[in-house]
Amino acid sequence: MSNVVVLDNGAGVIKAGIGGERDPTAIVPNSMGRPLSSKKWLMADQLLSPDVDLTSATARRPFDRGYLINPDLQSSIWSHIFSNLLKITPSHSSLLLTEPLFNLPSIQRSIDEIVFEDFNFKALYVSDSPSLVHLYEASRRPYGLVSKAQCSLVVDCGFSFTHASPVFQNFTLNYAVKRLDLGGKALSNYLKELVSYRSVNLMDESFLMDHVKEELCFVSLDLPRDLQIARKPGKDNLFRCTYVLPDGITHTKGFLKDPEEPKRYLPLYDEALQQVAEEQIDMDRLENTDNSEDRNRRNGSKIDLTKNEFGLTNERFLVPEMMFRPADLGLNQAGLAECIHRAISSCHSHLHPVLYESIILTGGSTLFPHFAKRLEMDLRPLVPDKYRLKITTQEDPILGVWRGGSLLASSPDFDAMCITKAEYEELGSARCRKRFFH
Amino acid sequence: MDEETSNSARRMSMRTRKIAPKMAAALASSDNRTQAMLSRLDALESDNAVVEPQLLDDDDEASLDDEDQVFHKYPKGTKRKTRQAKALENKRAPKSFLELLNEANLESLPPHVPTYLRAAVGPPSSIARRHFCTVCGFSSTYTCVQCGMRFCSIKCRTIHNDTRCLKFVA
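Residues numbered from 1 in each chain as written. Chains lettered and ligands numbered in written order. Predicted model: local features only at pLDDT ≥ 70, side-chain atom pairs only at ≥ 80, totals over all residues.

An unreviewed UniProt entry lists chain B under the name HIT-type domain-containing protein, with Solanum stoloniferum given as the organism.

Under an unreviewed UniProt entry, the name given to chain A is Actin-related protein 6, and the organism recorded is Solanum stoloniferum. Looking at the Sequence similarities (unreviewed entry) heading of the UniProt record, one finds this comment for chain A: "Belongs to the actin family. ARP6 subfamily." (UniProt positions renumbered as here; feature names shortened; annotations may be inferred.)

Peer 1: Help me understand the overall build of chain A, please; the structure alone is not making it clear to me.
Peer 2: A count of helices and strands for chain A gives 18 helices and 20 strands. Taking 438 residues into account, the globule formula puts the C-alpha radius of gyration at 22 Å, and chain A, at 24 Å, falls close to it. Dimensions of chain A, computed from the C-alpha atoms along their principal axes, are close to 80 × 60 × 35 Å. Burial analysis of chain A (438 residues in total) assigns 47% to the buried set. The contacts of chain A with a sequence gap of at least 6 include a subset with a gap of at least 24, amounting to 68%. (Helix = DSSP H or I, 4+ residues; strand = E, 2+ residues; numbered from the N terminus. Rg over C-alpha atoms; globule rule 2.2 N^0.38 Å. Buried ≥ 20, exposed ≤ 12 C-beta atoms within 10 Å, placed from the backbone. Contact = placed C-beta atoms within 7 Å.)

Peer 1: I keep staring at the overall build of chain B and nothing clicks. Help me out?
Peer 2: Counting its secondary structure elements, chain B contains eight helices and two strands. Along chain B, helices and strands appear, N-terminal first, in the series α-α-α-α-α-α-α-β-β-α. Long-range contacts, defined as pairs at least 24 residues apart, comprise 29% of the intrachain contacts of chain B with a sequence gap of at least 6.

Peer 1: Any chance you could explain the domain arrangement of chain A here in plain terms?
Peer 2: Accessible area lost upon the coming together of the parts is a frequently used measure of interface size. Residue and element names in this part refer to chain A. Here chain A is partitioned into domain 1 (3–128 + 399–436), domain 2 (131–182 + 332–393) and domain 3 (184–321). Contacts between the two partners involve seven residues from domain 1, matched on the other side by nine residues from domain 3. Looking at the side of domain 1 that touches domain 3 residue by residue, the class counts come to three nonpolar, three polar and one charged. (Domains from an automatic or database assignment. Nonpolar A, V, L, I, M, F, W, Y, C, P; charged D, E, K, R; others polar.)

Peer 1: Explain the interface of chain B and chain A here, please?
Peer 2: Opposite the 38 residues of chain B that make contact, chain A presents 47 residues. Among the secondary structure elements, those contributing two or more residues to the side of chain B that touches chain A are helix H3 (30–43), helix H6 (97–104) and helix H7 (116–119) of chain B. Looking at the side of chain B that touches chain A residue by residue, the class counts come to 21 nonpolar, seven polar and ten charged.

Peer 1: Could you clarify how one ought to interpret the UniProt feature "domain: HIT-type" (unreviewed entry) in chain B in this entry?
Peer 2: Under the UniProt annotation, "domain: HIT-type" (unreviewed entry) lies at residues 133–165 of chain B. For residues 133–165 of chain B, the end-to-end C-alpha separation is 13 Å, with 30% helix and 12% strand making up the annotated structure.

Peer 1: I would appreciate a short explanation of the environment of B:Leu41 in the present structure.
Peer 2: Examined against the element boundaries, B:Leu41 turns out to sit in helix H3. Accessibility expressed as a C-beta count within 10 Å gives 18 for B:Leu41, which makes it partly exposed. Dropping the residues within four chain positions of it, B:Leu41 is found in contact with A:Gly330 and A:Leu331.

Peer 1: When you look at the sheet that holds strand S5 (residues 42–43) of chain A in this model, what are you seeing that I'm missing?
Peer 2: Two modes of strand pairing occur in sheets, parallel and antiparallel, and in both the strands are linked by backbone hydrogen bonds. Residues and elements named next belong to chain A. Across the sheet, which stays open at both edges, the three strands sit in the order S5-S4-S6 with antiparallel pairing between neighbours. Either end of the sheet is taken by a strand with one partner, and the two such strands are S5 and strand S6 (58–60). Where strand S4 (residues 32–34) and S5 come together, two bridges link them in antiparallel fashion. Looking across to S5, one finds that Gly33 is bridged to Leu42. (Pairing = 2+ DSSP bridges.)

Peer 1: What is the right way to read the nonpolar core from this model?
Peer 2: Within soluble globular proteins, side chains that are nonpolar tend to cluster in buried spots. Membership of the largest hydrophobic core comes to 125 residues, with the highest contact counts inside it found for A:Ile81, A:Leu96, A:Leu124, A:Leu153, A:Val155 and A:Ile340. Filtering out sequence-adjacent residues up to four positions away, A:Ile81 remains in contact with A:Ile14, A:Ala16, A:Ala26, A:Val28, A:Ala44 and A:Leu86. (Core = buried A, V, L, I, M, F, W, Y, C linked by C-beta atoms within 7 Å.)

Peer 1: Got a minute to help me understand the confidence of the model for chain B in this structure?
Peer 2: Should the pLDDT be low somewhere, the predicted coordinates at that spot are not to be read in detail. Residues and elements named next belong to chain B. Of the residues in chain B, 52% reach a pLDDT of 70 or more, and the chain-wide mean stands at 69. Predicted confidence for residues 1–10 stays below pLDDT 50, and this span has nine contacts to residues more than four positions away or in other chains. Predicted confidence for residues 54–75 stays below pLDDT 50, and this span has 13 contacts to residues more than four positions away or in other chains. The ipTM, which scores confidence in the relative placement of chains, is 0.71 for this predicted complex, and the corresponding pTM is 0.82. (pLDDT = per-residue confidence, 0-100.)

Peer 1: What am I meant to see in the sheet that holds strand S10 (residues 123–128) of chain A here?
Peer 2: All names here are of chain A. With mixed pairing, the six strands of this open sheet are ordered in space as S3-S2-S1-S9-S10-S20. Both outer strands of the open sheet, strand S3 (26–29) and strand S20 (419–420), are each paired with one neighbouring strand and no more. Relative to strand S2 (residues 13–18), strand S1 (residues 4–9) is paired through five bridges, and the arrangement is antiparallel. Looking across to S2, one finds that Leu7 is bridged to Ala16.

Peer 1: Sorry if this is basic, but what is going on with the confidence of the model for chain A here?
Peer 2: With 91% of its residues at a pLDDT of 70 or more, chain A shows a mean pLDDT of 84. Contacts of residues 288–301 of chain A to residues separated by more than four positions or lying in other chains number 13 contacts, the stretch itself having pLDDT below 50.

Peer 1: In this structure, what is going on with the environment of B:Arg164? I would like to understand it.
Peer 2: Here B:Arg164 shows up in the segment after helix H8 (154–163). Each C-alpha atom of the pair B:Arg164 and B:Cys133 lies 13 Å from the other, and the pair is 31 residues apart in sequence.

Peer 1: Got a minute to help me understand the packing of helix H3 (residues 129–140) of chain A against helix H15 (residues 400–409) of chain A in this structure?
Peer 2: A pair of packed helices is characterised by two quantities: the angle between their axes and the separation of those axes. Residues and elements named next belong to chain A. Running from N to C, H3 and H15 point in directions that differ by 75°, and their axes come no closer than 7 Å. One element, H3, and the other, H15, form an angle in the roughly perpendicular class. Residues Ser129, Leu132, Val133, Leu135, Tyr136 and Ser139 of H3 touch H15, and the partners they reach there are Gly400, Val401, Arg403, Gly404, Gly405, Leu407 and Leu408. Taken together, the residues of the contact of H3 with H15 break down into seven nonpolar, five polar and one charged. (Axes fitted to C-alpha atoms, helices over the stretch in contact; angles between N-to-C directions. Parallel < 35°, antiparallel > 145°, perpendicular 65-115°, else oblique.)

Peer 1: Sorry if this is basic, but what is going on with the packing of helix H2 (residues 105–118) of chain A against H6(B) here?
Peer 2: Where H2(A) contacts H6(B), the axes come no closer than 9 Å and their chain directions differ by 110°. It follows that H2(A) is roughly perpendicular to H6(B) by the angle criterion. Contacts between H2(A) and H6(B) involve A:Pro105, A:Ser106 and A:Ile107 from the former and B:Leu100, B:Glu103 and B:Ala104 from the latter. In terms of residue class, the contact of H2(A) with H6(B) is built from four nonpolar, one polar and one charged.

The following block contains the structure:
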């Protein structure tokens, strides 16, 4: 059997590797970026190298609102990945590709063109991500509910949008899928807008803001209380964090001023820790009374303007909060919990109890701390009391889809499920696509 | 958008109100507010804050620099089209997703076919919109009468008026 290239072609990050392996070879941004100082566009993995200065870099992405709009750009990014990172020859391999749900026929056609005409792949299988996630989770726990009932509800919080999709017998029930038009990109941009208005203008720093969001944002479990705490001055404000901007000379990447600072609020969320933390705060107070300079530094309340840094307080939890209440942003859509509820309600009523008990979270935006817990808090009131509710986050939400793909690619029937190049040439894109049932 | 309708409903009360014409104009311009809101939401999906002009390959760009001076000799509007400029026009910018969506004409499909449009989750059921101060982020009680953005205190109002009020719409 020849090798199968598994390509989870996300709008934000491409996960690419050889089928049958556990982890993808390449996890690279699906974009090109051009630093301010140069004329050369950097491709995918080159953006990740530590010595690249991405300050005010311009980005180009082949995806817009989750769908492929620029096939030429995508094709050049793929060819870079295939030749430099995976080191494969497309004409000797098959391709397993993921595509977003409800992909438009015109986009499917252009993808097929790239795959068979530009790269000359031997065969192609196109899958949607929820079914792969389901496949992976079912195989991990052969005696769990997901694999016994052969159904699950996959919540994929991606880069451009969030889908709640019921999967049954490895097929996504597309009539029941619900989409929320909020994803990691919108959240990063929202944070960027807030910071730019309130402290430093960072409107050009998309790459930097992604890092800030990943490092500092979390989901609040009790919003009114946290807002109150975020209002407090000085050290009582457990949420205040300071982020140092790159200066372009000594460091080209931003970093946290104090790596321990973001964790200061954690005792609020964990009762066992609470006791310890309170004692520690008392101790700190005693120590700090005579060392005012040290106190100021720890407080983070004095933002040193000469040093190019900015502080975050309530932004840290108000940004991910928008996933749960998009209406607050002015987006006229229901929140994530209601999204899941509606998706499940669209299914046959026999499936409801099982689906509520097998909710799987995947996608990079579920990595915010306390995401699953908050979702459960929001979802419980919507779910009938007689049903149990169980939300599992995948162990690696970014790679979950790829691992499912890798599993599928190594299954013995995989070759039979593909469309081959000969079939494509004979039948054309539209008729070949009918085979994938979505 | 919801807010606009509820506001107008409130203004339908029986009591006749006298307001300054300028203010009336500002209140009536719910169009502008919706527009500003939509453009804010749109901005959340953009890659770069500044929209770039259509880009050339590197060597093209270098050679165009020389030609720039040629362009300037001609008065505006009667720019001579070089071969490169023509080639550039043919190399269209990729369509945005919304354009592709329009072209796909999904509305014409029968109602039982699940499509991109029908998968959208739809408006929230009951939960009222919470408002956060646009200046400091805490829950806000006041609305700016001119632009409809929210603030929570006099202090924040001053900042709002100085920095942001009506600057989004204009």
